[in-house]
Amino acid sequence: MIGEPRRTGLLGEIYAGRYLRKKGYDIWAANYRTKAGEIDIIAFDGMSVCIVEVKTRHDGGYFPPSAAVDHKKEENVKSAAAAFMGEIKSSLPLRFDIIEVVLLTEDEFRIRHLENAF
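Values in this document were obtained by computation on a predicted structure and should not be read as measured data.

Draft legend 1. Structural view of the overall build of the protein chain. In terms of regular secondary structure, the protein chain is built from 2 helices and 5 strands. Beginning at the N terminus, the succession of helices and strands in the protein chain can be written as α-β-β-β-α-β-β. Over its C-alpha atoms the protein chain spans a radius of gyration of 14 Å, differing by no more than 12% from the 13 Å that the globule rule assigns to 118 residues. The dimensions of the protein chain, computed from C-alpha atoms along their principal axes, are 40 × 30 × 30 Å. Taking all 118 residues of the protein chain together, the buried fraction comes to 42%. Look at the contacts in the protein chain between residues 6 or more apart in sequence, and 54% of them connect residues 24 or more apart. Taken as a whole, the protein chain presents about 7000 Å² of accessible surface, with 53% of it coming from carbon and sulfur. Taking the average place of the 17 positive charges on the side chains of the protein chain and the average place of its 18 negative ones, the gap between the two points comes to 3 Å.

Shown next as C-alpha cells:
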C-alpha cells in the first residue's frame, strides 16, 4: 500500500500524461531516474523534447503547486535531462515545463501547464 502523498503524486502524473497526449504530445518516458535525479515525464511536442515536472496538490492550498520547484529541484531535473539526452544521443532542443495539477475531488482536477518554466 502506498502513502497518501505518493498516491496524490501518481494521480497528478496520470492526469498530466493524459493532458499532454490530448494536446498531441508523444510521451517518451515517465519517472525516468538517474543518479542526478528524476524526471516525471519526458515528451515530444513535434519540435522540442519537453522535460515535465508535475506538481500535484489538493485544492485549498495557499501557494500554487509550482512553488515547490526550487532552484535545487531545477538543477536536479536539468542534470537528469542531460543524462537522458546523452543516452538517446539527441541534439533536439530541450524545454523545461511544469504541470500543476490541483485535485478538486477524487475524480475532478484542474491543470495548468507552464511552458518554459525554467
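Draft legend 2. Up close: helix α2 (residues 71-88). With 18 residues, α2 should cover 26 Å at 1.5 Å per step; its first-to-last C-alpha distance of 26 Å lies within 8% of that length. Buried residues of α2: Glu74, Val77, Ala80, Ala81, Phe84 and Met85, and no others. All buried residues of α2 project into a common sector of 140° when viewed along the axis, lining one side. When the buried face of α2 is taken as reference, the exposed residues oriented beyond 90 degrees from it are His71, Lys72 and Glu87.

Draft legend 3. Local environment of a nonpolar patch on the surface. On the surface, Trp28, Ile88 and Leu92 cluster together into a nonpolar patch covering about 250 Å² of accessible area. Among the secondary structure elements, Leu92 is positioned in the loop between α2 and β4 (94-103). The class for Leu92 is partly exposed, based on a relative accessible area of 34%.

Draft legend 4. Quick look at the packing of aromatic side chains. This structure, assessed with the given rule, holds 4 aromatic pairs. Ring geometry for Trp28 against Phe44: centres 5.2 Å apart, planes inclined by 15°, an arrangement best described as stacked. You can see Trp28 sitting in strand β1 (residues 26-33) and its partner Phe44 sitting in strand β2 (residues 38-44), a full 16 residues away along the chain. For Phe44, a relative accessible area of 17% translates into the label buried.

Draft legend 5. Structural detail: the side chain of Glu13. Structurally, Glu13 can be placed in helix α1 (residues 4-22). Within the buried set, Glu13 has no salt-bridge partner at all; the shortest N-O distance to an opposite charge, 4.2 Å, is to Arg6. Within the structure, the side chain of Glu13 is placed 3.5 Å from the side chain of Asn31, a separation counted as a polar contact. Discounting residues that sit within four places of it in the chain, Glu13 has contacts with Arg6, Asn31, Asp40, Ile41, Val54 and Thr56.

Cut-offs applied
Residues numbered from 1 in each chain as written. Predicted model: local features only at pLDDT ≥ 70, side-chain atom pairs only at ≥ 80, totals over all residues. Heavy atoms only, no water. Helix = DSSP H or I, 4+ residues; strand = E, 2+ residues; numbered from the N terminus. Rg over C-alpha atoms; globule rule 2.2 N^0.38 Å. Buried < 20%, exposed > 50% of the residue type's maximum accessible area, 1.4 Å probe, protein only. Contact = heavy atoms within 4.5 Å. Areas by Shrake-Rupley, 256 points an atom, 1.4 Å probe, with all protein chains shown as cover. Lys, Arg positive; Asp, Glu negative; His and termini not counted. Charge placed at Lys NZ, Arg CZ, Asp CG, Glu CD. Expected span 1.5 Å × (residues − 1). Arc of directions from axis to C-beta. Patch = residues over 30% accessible without salt bridge, like charges linked within 9 Å, V, L, I, M, F, W, Y side chains within 5 Å. Salt bridge = Lys/Arg side-chain N within 4 Å of Asp/Glu carboxyl O. Phe/Tyr/Trp six-rings, centres within 6.5 Å; stacked < 30°, edge-to-face > 60°. Polar contact = N/O pair within 3.5 Å; in protein donor to acceptor, adjacent residues only side chain to side chain.

These figures come from the coordinates and say nothing about function on their own.
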